[in-house]
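# Breakdown of the fold
Residue-level listing of the chains:
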Amino acid sequence: MSTVLTNEIIQKRLVEKFGDAITNMEEPYGMFSFEVPKDLNLKVMQFLYDEPDLNFRFLTDVCAVHYPDQKGRELAVVYHLHNMVDNIRIRMKIFTDINEPDVFTATSLYQSANWQERETYDFYGVNFLGHPNLKRILNVDEMDYFPMRKEYPLEDRARLDKDDEMFGRGGSVV
């Protein structure tokens, strides 16, 4: 009889293998989430992929988040992995300095990482080292910034030609 895979078992196996390199473990909405140092991203994913009792062989998503107030940890790269046999999903996060956004590519392990990493590069500027064709795919090549970073104001508050009431923000400005 096989053991049912649980978040506790996944956590135990990761800590046994990687020790205190696995941090910020939590279970928001029942999904096991954790953080690893960026230089271990491939080793941890390879372990999760190779171990027959873990079996995380599908990369659902790679995305990024910009935290401008976290000095030295401004960019988070978030991986959603799926064990399709036991139907369990987990979230792995790594953080990097926005001035050194180099992260090892996962394309050798997951083919789906190819497009997802290109999109993450295009919008956040994460440089996936070893990626076979890292280039912009949705924005123009001439663009010299990354539009999903929180580096620009969302709107011009000085505009007089918009009606805030149309956007559910109370009184109008004329």
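One can find the structure itself at the top, above this paragraph.
Residues numbered from 1 in each chain as written. Predicted model: local features only at pLDDT ≥ 70, side-chain atom pairs only at ≥ 80, totals over all residues. Heavy atoms only, no water.

## With respect to the sheet that holds strand 4 (residues 75-83)
Strands in a sheet are paired, the pairing made by backbone hydrogen bonds, and the direction either parallel or antiparallel. Strand order in the open sheet formed by 5 strands is 1-2-5-4-3, with mixed pairing between adjacent strands. With one partner strand each, in any of the chains shown, strand 1 (23-26) and strand 3 (58-66) form the two edges of the open sheet. Strand-to-strand twist in this sheet, taken as the mean axis angle between neighbours without regard to direction, amounts to 15°. Of the pairings in the sheet, the one linking strand 3 to strand 4 comprises 8 bridges and is antiparallel in character. Paired with C63 across the strands is V78, a residue of strand 4. Sheet strands in contact with helix 1 (residues 7-18) are strand 1, strand 2 (32-35) and strand 5 (88-96), and its direction is about 20° off that of strand 2. Sheet strands touched by helix 3 (residues 113-124): strand 3 and strand 4. Its angle to strand 3, the strand with the most contacts, is close to 5°. (Pairing = 2+ DSSP bridges. Helix = DSSP H or I, 4+ residues; strand = E, 2+ residues; numbered from the N terminus. Axes fitted to C-alpha atoms, helices over the stretch in contact; angles between N-to-C directions. Contact = heavy atoms within 4.5 Å.)

## A short note on the environment of M31
When you line up the elements, M31 lands in the loop between strand 1 and strand 2. Exposure remark for M31: the relative accessible area of 18% places this residue in the buried category. Note: C-alpha distance between M31 and I90 (59 residues apart in sequence) is 5.7 Å. If we skip the residues at most four places from it in the chain, M31 touches N7, E26, H80, R89, I90 and R91. (Buried < 20%, exposed > 50% of the residue type's maximum accessible area, 1.4 Å probe, protein only.)

## Remarks on the pairing of strand 1
Alignment of strand 1 against strand 2, held across 2 bridges, turns out to be antiparallel. Each residue of the ladder has a partner; that of E26, found in strand 2, is S33.

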